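Each chain is listed here by its residues.
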Amino acid sequence: MRKFLSLIAGLALASLAACSQTTPEATSQAPATVQAPASTNLLLAEWTGPYSGTPAFDKMDISLAKDAMEIGMAANLVELDEIANNPEPATFENTILAMEKTGELLNRAYPYWGIWSSNLSTPEFRAIQQEMAPKMADFYSKIRQNDKLFARVKAVYEGEEFKTLASDQQRLAWLTYDGFASQGATLQGEAKDRYAAINQRLAELHTQFSNNVLADEEGYVTYLDDTQLGGLSDSLKAVAAAAAEEREHPGEWAITNTRSSMDPFLTYSDERDLRETVWRTYYSRGNNGDQYDNNALIAEILKLRDERVGLLGYDNYAQWQLQNRMAKTPERAMDLMEAVWPAAIARVAEEVADMQAIADAEGADITIEPWDYRYYAEKVRKAKYDLDSDLVKQYLQLDKLRDAMFFVAGELFNFKFTPVPEGSVPVFHPDVMVWEVTDRTTGDHIGLWYLDPFARTGKRSGAWATSYRSHETFNGKKTVLSSNNSNFSKGAPGEPVLISWDDAETYFHEFGHALHSLSSKVAYPSLNGGVRDYTEFQSQLLERWLTTDKVIDQFLVHYQTGEPMPAELVQKIKKAATFNEGFKTTEYLASALMDMKFHTVDPTGIDPQKFEAETLAALHMPKEIPMRHRTTQFGHIFSGEGYSAGYYGYMWSEVLTADAAEAFAEAPGGFYDKDVARKLVDYLFSVRNAVDPADAYLLFRGNEASIAPLMRDRGFPVPEGVK
Ligand SMILES: [Zn+2]
């Protein structure tokens, strides 16, 4: 059952930030009736060894993967049916808690599945994944459509007993109820059928939308000859030549219609006409009036979403989406965005003026257009913010950064990290290292931290955090098995691995997710879940300790001389972080505002192009910048529902991050203030989802987060009247 709740929460986590966090669940006892098949499949066997048992990562056998998942899901459905068919009246104990106890076998199998899909993928596994995807979707919809089970959950949530429950139990009952109700379980008869029909049609439309964007990304290529390469670096040229070769245009250079190709081309190419061509092609994806045009799909998606939430009694789609987020209402999310917007577009005017001055001085005789923005911004960056990234790297040694993270965890969380004795904990690859986490004062065992730092074939890109086992106490204490994963390149033997500033921040970010898991004190497994606009906040916040004096002086030391990073260099890094913030904030906010407007307006007869143009005009959108994701290519909100009416979430958690960081900066002990650190652990980390995030934040800070710290971080003036 825990998979069901985490699925709902998990949908949104996938691309909210540079990383994603997955939260496989804790184990618990399953009824004897479903234990039998486990004995024949190693992936379903009980975890053994020290530290309350750990996954047998050294014995993974891919031929068992499919069976393990199928047996796990089948067993989980049997368990839930037993609860649904209980002849006794529904109680918190025999329904909600009983559901928390289900899924033992699936919880054993899932960490292996996760390793194969993220850390050790192969063509063989991808085939199994593809085969299993519809079966897993079917598993979740079977749970959602279990009317008898929902009737019992509803009876508990609406019954007299509810009022007598502890607050975390009430929250668990509500989350369980909401997991069904928000997906249409309260509907009957015709409305129920219509709800299901809409969902089915939406699934088709979402897929078609992303396929159309993909078709336009693959269908347009700008080919260059050797007279059109001015400004491009050797490495860019090499990538473009390979892309042309691949498309059977040998001897030419290809700029493909993707962000990773468009962005550097617009930044560096001296060919203004070509920049315009590439820009227009990219920002026209899904809007070319052909068979891949997304406008009609968008109109239908908006109409169906509105109709579907209407069946549940909501005024608009955004209201439905935000009810269980920290923001709670579309109005509050809009207020935040509209408060930041004027400063963002004012900064754009300054940035354009800086760029125009450079163009004029060069005698370019142009007015800055959207296809000039990245190109001239790069010239401004060189003149005003230049940073020698090779020099910065010399102070960022991978091992020292890990020691820095352990130091911060010790100071804030009172955690101690000790390598486990060699061979005591199975790992899935020789690169993986494991530490035991204990309480620095009492020596109590808290959990294990697995680190898989290096890139390899079959490992997904980027960095992420996951847990193989989460904290719970309601059915016997379970300790945490947490992991961080990244893709650093191994150094030469005996040489320190040096990484970039961005990578160092990401390293801290993912460790923030790990600390969030390790510090959990919740009683019930489902309360370890995330809230969409809140779950990146804790990890973003941890990044701030990278630039504290104690970390710089002890750990950001030159790999040859041992000298700490000079203060001027730290200042330069901080200043460079505000470069082009007008552009970045405006392109992001334009998309986030559009998302919310699309999902709060009456969509009857909507023309997406007209709506986009009118909305941008009303916002006084600077003509030099397009939305980061124009409507017909806005996959976050139209390829599925994970981010629809949720794109604001990035900024929401950044506001919290900046405000919470300021709480430390203002404290007598700064970022290592014991009192603020205690509140951080007690209210923002250890409670996970057992407390409403808005209430938790109030307990930490004494008031709601202000946007002022975010404005200062971005180098924007703080609006009048904002403290
Ligand atoms: Zn993250």
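Quick caveat: nothing in here was measured; it's all calculated off a predicted structure. (Residues numbered from 1 in each chain as written. Predicted model: local features only at pLDDT ≥ 70, side-chain atom pairs only at ≥ 80, totals over all residues. Heavy atoms only, no water.)

Draft legend 1. Broad picture of the overall build of the chain. Counting its regular elements, the chain contains 29 helices and 8 strands. Computed over its C-alpha atoms, the radius of gyration of the chain comes to 26 Å, within 12% of the 27 Å expected for a compact globule of 723 residues. Of all 723 residues assigned to the chain, the portion counted as buried reaches 55%. For the chain, long-range pairs separated by at least 24 residues make up 76% of all intrachain contacts whose partners lie at least 6 apart in sequence. Between the mean site of the 70 positive side-chain charges and the mean site of the 104 negative ones, the chain shows a separation of 3 Å. (Helix = DSSP H or I, 4+ residues; strand = E, 2+ residues; numbered from the N terminus. Rg over C-alpha atoms; globule rule 2.2 N^0.38 Å. Buried < 20%, exposed > 50% of the residue type's maximum accessible area, 1.4 Å probe, protein only. Contact = heavy atoms within 4.5 Å. Lys, Arg positive; Asp, Glu negative; His and termini not counted. Charge placed at Lys NZ, Arg CZ, Asp CG, Glu CD.)

Draft legend 2. Structural detail: the nonpolar core. Judged by nonpolar contacts, the single largest core of 139 residues is most densely connected at F417, W449, F511 and M565. The dominant element in this core, judged by the number of residues it contributes, is helix α15 (residues 330–361), at 13 residues. Leaving out residues up to four positions away in the same chain, F511 has contacts with M405, F406, A409, F417, W449, N484 and L542. By size, the runner-up hydrophobic cluster in this structure holds 62 residues, among which are F92, V156, F180 and Y468. (Core = buried A, V, L, I, M, F, W, Y, C linked by side-chain atoms within 4.5 Å.)

Draft legend 3. Representation of the confidence of the model for the chain. Per-residue confidence for the chain averages 93 on the pLDDT scale, and 95% of its residues sit at or above 70. Note on residues 1–18: pLDDT is under 50 here. Beyond four places in sequence and across chains, it has 62 contacts. This model gives residues 22–36 a pLDDT under 50, and the stretch forms 51 contacts once residues within four places in sequence are excluded. (pLDDT = per-residue confidence, 0-100.)

Draft legend 4. Broad picture of the pairing of strand β5 (residues 433–439). For β5, a buried count of 5 out of 7 residues is recorded, marking the element as mostly surrounded by other parts of the structure. By the bridge criterion, 5 bridges tie strand β4 (residues 415–419) to β5 in an arrangement that is antiparallel. Across the sheet, residue T418 finds its bridge partner in β5, namely E436. Pairing of β5 with strand β6 (residues 445–454) involves 6 bridges; the strand directions are antiparallel. The residue bridging E436 from the neighbouring strand is L448, located in β6. (Pairing = 2+ DSSP bridges.)

Draft legend 5. Representation of the packing of helix α2 (residues 65–84) against helix α6 (residues 147–158) in the model. Running from N to C, α2 and α6 cross one another at 55°; their axes reach a closest spacing of 8 Å. Judged on the interaxial angle alone, α6 and α2 are oblique. Between α2 and α6 lies a crossing whose hand is left-handed. Mapping the contact onto sequence places L80, I83 and A84 in α2 and K148, L149 and R152 in α6. A breakdown of the residues in the contact of α2 with α6 according to their chemical character gives 4 nonpolar, no polar and 2 charged. (Axes fitted to C-alpha atoms, helices over the stretch in contact; angles between N-to-C directions. Parallel < 35°, antiparallel > 145°, perpendicular 65-115°, else oblique. Left-handed = near helix turned anticlockwise from the far one by under 90°. Nonpolar A, V, L, I, M, F, W, Y, C, P; charged D, E, K, R; others polar.)

Draft legend 6. Focus on helix α26 (residues 649–666). Here α26 spans 26 Å end to end across 18 residues, near enough to the 26 Å set by a 1.5 Å rise per residue. The buried fraction of α26 amounts to 15 of the 18 residues, a majority that puts the element mostly inside the structure. (Expected span 1.5 Å × (residues − 1).)

Draft legend 7. Broad picture of the pattern of salt bridges. Inspection of every chain in the model, using the stated rule, returns 46 salt bridges. Between R628 and E587 there is a salt bridge, and its shortest N-O distance comes to 2.8 Å. Taken together, the residues R628 in the loop between α24 (608–618) and α25 (635–638) and E587 in helix α23 (residues 581–598) connect sequence positions 41 residues apart. When its relative accessible area of 26% is taken as the criterion, R628 is described as partly exposed. Owing to a relative accessible area of 4%, E587 belongs among the buried residues under this scheme. Put simply, R712 and E662 hold a salt bridge, and the shortest N to O gap is 2.5 Å. Taken as a pair, R712 in helix α29 (residues 708–713) and E662 in helix α26 lie far apart in primary sequence, 50 residues in all. When salt bridges with common partners are traced through the structure, they connect K66, E70, E131 and K135 into a single cluster. (Salt bridge = Lys/Arg side-chain N within 4 Å of Asp/Glu carboxyl O.)

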